[in-house]
Amino acid sequence: RRHGLWFRLRRLIIWLLGVYIAIPFLVKLCPAIQAKLVFLNFVRVPYFIDLKRPQDQGLNHTCNYYLQPEEDVTIGVWHTVPAALWKNARGKDQLWFEDALGSSHPVILYLHGNAGTRGGDHRVELYKVLSSLGYHVVTFDYRGWGDSIGSPSERGMTYDALHVFDWIKARSGDNPVYIWGHSLGTGVATNLVRRLCERETPPDALILESPFTNIREEARSHPFSVANFYFQIYRYFPGFDWFFLDPITTSGIKFANDENVKYISCSLLILHAEDDPVVPFHLGKKLYNIAATSRSFRDYKVQFVPFHTDLGYRHKYIYRSPELPRILREFLGIPEHEHHH
């Protein structure tokens, strides 16, 4: 019996070893696997929400639109008006919401991170906070996310963001437009803002929440997420970069925040929690140090705001900070009374 048990155990060990060795080769041969793990667009949490009905998430002053950045691409957009317009917004149609962008309130274009949709819980809570502070919030699902049609790619995500930005600018008059990116959305945000600065139509400010330097460094130091669990198993595997990180680049995914900030000329605010378990705090700090010494920011404000571990904000709960209204007011330079008129 002992001999039979040992035989089965040995067979299991050999099988596990075979799988362990096969996975890196599979990833190398199929870079699309890595792309899926970076985007996680197939993870739709929460699952059972109707994105056409933002009011189901408590967003009674939000309108759902669909825009078409390119042929065969349709993206779902939510527009939440400032809380001061809440009563007027009830029962209004898309045209009223579009016209409302011209009212004297600043606009935030919010670019979300990977996984989930524009209806994700922490995202909805942030829209509510920003709306209460007097901002229009426009957010959307990139192609391939939520109910948006198309295949995800870094180029496509950036183009979608550019399309929505131009759509806002065509309606917002002289109102300030700020861009806020979170997590993977910081990569989209810096791609977008670099492009806007190059064509000399920069936004009024850029806010990066939980940003990384570039996707390779983020993937290398990504701690204990389920999707990247195998990175932990293979971290010391011979040729780790070649097997696991090169396929990300081969898929055309760079999200080079560290490179982009050298070409951005507008005010920059970075928010990062010290206990972030997804994008390590030191990457946000490193990005700040690169931006702060960049010549492109010479005439602009660059600010880094850390949130202490004891606060427990982790990767996606900075919206809970009672300090956030003050931080935004001081950074964006909007007097308090303007938030509430």
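Preceding this paragraph is the structure being described.
Treat the numbers as computed from the prediction; the structure is a model and nothing was measured. (Residues numbered from 1 in each chain as written. Predicted model: local features only at pLDDT ≥ 70, side-chain atom pairs only at ≥ 80, totals over all residues. Heavy atoms only, no water.)

Caption draft 1: Representation of the state of the cysteines. All told, the structure shown has zero disulfides when counted by the stated rule. Here Cys197 is not disulfide-linked; the sulfur of Cys266 is the nearest cysteine sulfur, at 5.2 Å. (Disulfide = S-S within 2.5 Å.)

Caption draft 2: Region of the structure containing the pairing of strand 5 (residues 177-182). Burial analysis of strand 5 places six of its six residues in the buried class, the great majority of the element. Relative to strand 5, strand 3 (residues 107-111) is paired through five bridges, and the arrangement is parallel. The residue bridging Tyr110 from the neighbouring strand is Trp180, located in strand 5. For strand 5 and strand 6 (residues 205-209), the ladder comprises five bridges, and the chain directions are parallel. In the sheet register, His182 faces strand 6, and the bridge partner there is Glu209. Taking the sense of rotation as the criterion, the β-α-β connection linking strand 5, helix 7 (residues 184-198) and strand 6 turns out right-handed. (Buried < 20%, exposed > 50% of the residue type's maximum accessible area, 1.4 Å probe, protein only. Helix = DSSP H or I, 4+ residues; strand = E, 2+ residues; numbered from the N terminus. Pairing = 2+ DSSP bridges. Right-handed = clockwise from strand over helix to strand, strands pointing away.)

Caption draft 3: Local environment of the sheet that holds strand 6. The eight strands lie next to each other as 1-2-4-3-5-6-7-8, forming an open sheet whose pairing is mixed. On the outer flanks of this sheet lie strand 1 (62-70) and strand 8 (302-307), each paired with one strand and no other. Between one strand axis and the next, the sheet turns by 20° as a mean value, whatever way the strands run. Bridging between strand 3 and strand 4 (residues 136-140) involves four bridges; their strand directions are parallel. From the neighbouring strand, Leu109 faces strand 4, where its bridge partner is Val138. In the packing of helix 12 (residues 281-292) onto the sheet, the strands contacted are strand 6, strand 7 (267-273) and strand 8, and the crossing angle to strand 8 comes to about 165°. Where helix 13 (residues 324-332) meets the sheet, it contacts strand 5, strand 6, strand 7 and strand 8, and its direction lies at approximately 160° from that of strand 7. (Axes fitted to C-alpha atoms, helices over the stretch in contact; angles between N-to-C directions. Contact = heavy atoms within 4.5 Å.)

Caption draft 4: Highlighting the packing of aromatic side chains. Applying the stated rule across the entire model yields 12 aromatic pairs. Ring geometry for Trp96 versus Phe97: centroids 5.1 Å apart, planes at 80°, classification edge-to-face. Of the aromatic side chains, those joined through ring pairs into one cluster are Phe39, Phe140, Tyr142 and Trp145. Cation over ring: Lys92 sits above Trp96, and NZ or CZ is 5.6 Å from the ring centre. For the cation-ring pair, Arg320 lies above Tyr317, with the distance from its terminal atom to the ring centre recorded as 4.1 Å. (Phe/Tyr/Trp six-rings, centres within 6.5 Å; stacked < 30°, edge-to-face > 60°. Lys NZ or Arg CZ within 6 Å of the ring centre and 35° of its normal.)

Caption draft 5: Layout of the pattern of salt bridges. For the coordinates displayed, the defined rule picks out 14 salt bridges. Several salt bridges share partner residues, and in doing so they unite Glu70, Arg143, Arg155 and Asp160 into one network. (Salt bridge = Lys/Arg side-chain N within 4 Å of Asp/Glu carboxyl O.)

Caption draft 6: Structural view of the nonpolar core. Judged by nonpolar contacts, the single largest core of 57 residues is most densely connected at Phe39, Leu109, Leu111, Phe140, Ile179, Leu206 and Phe255. Taken domain by domain, this core gets at least three of its residues from each of domain 1 (1-39 + 217-251) and domain 2 (44-216 + 252-332). The residues contacting Leu206, other than those within four sequence positions of it, are Ile179, Ala189, Thr190, Val193, Ile264, Cys266, Ser267, Leu268 and Leu269. Among the nonpolar cores identified, the runner-up in size contains 31 residues, and Leu51, Trp78, Val129 and Ile207 belong to it. (Core = buried A, V, L, I, M, F, W, Y, C linked by side-chain atoms within 4.5 Å. Domains from an automatic or database assignment.)

Caption draft 7: Fine view of the side chain of Thr62. On the secondary structure map, Thr62 appears in strand 1. There is a polar contact of 2.7 Å between the side chain of Thr62 and the side chain of Thr80. When residues no more than four places from it in sequence are discounted, the contact partners of Thr62 are Pro54, Trp78, His79, Thr80 and Phe97. (Polar contact = N/O pair within 3.5 Å; in protein donor to acceptor, adjacent residues only side chain to side chain.)

Caption draft 8: How the structure looks around the environment of His272. The topology assignment puts His272 in strand 7. Sequence separation between His272 and Pro211 is 61 residues, and the spatial gap between their C-alpha atoms is 7.5 Å. Beyond its immediate sequence surroundings of up to four residues, His272 is in contact with Ser210, Pro211, Val279, Pro280, Phe281, Gly284, Phe304, Val305, Pro306, Phe307 and Ile318. Within the local environment of His272, its side chain forms a polar contact with the side chain of Asp276, the two groups lying 3.4 Å apart.

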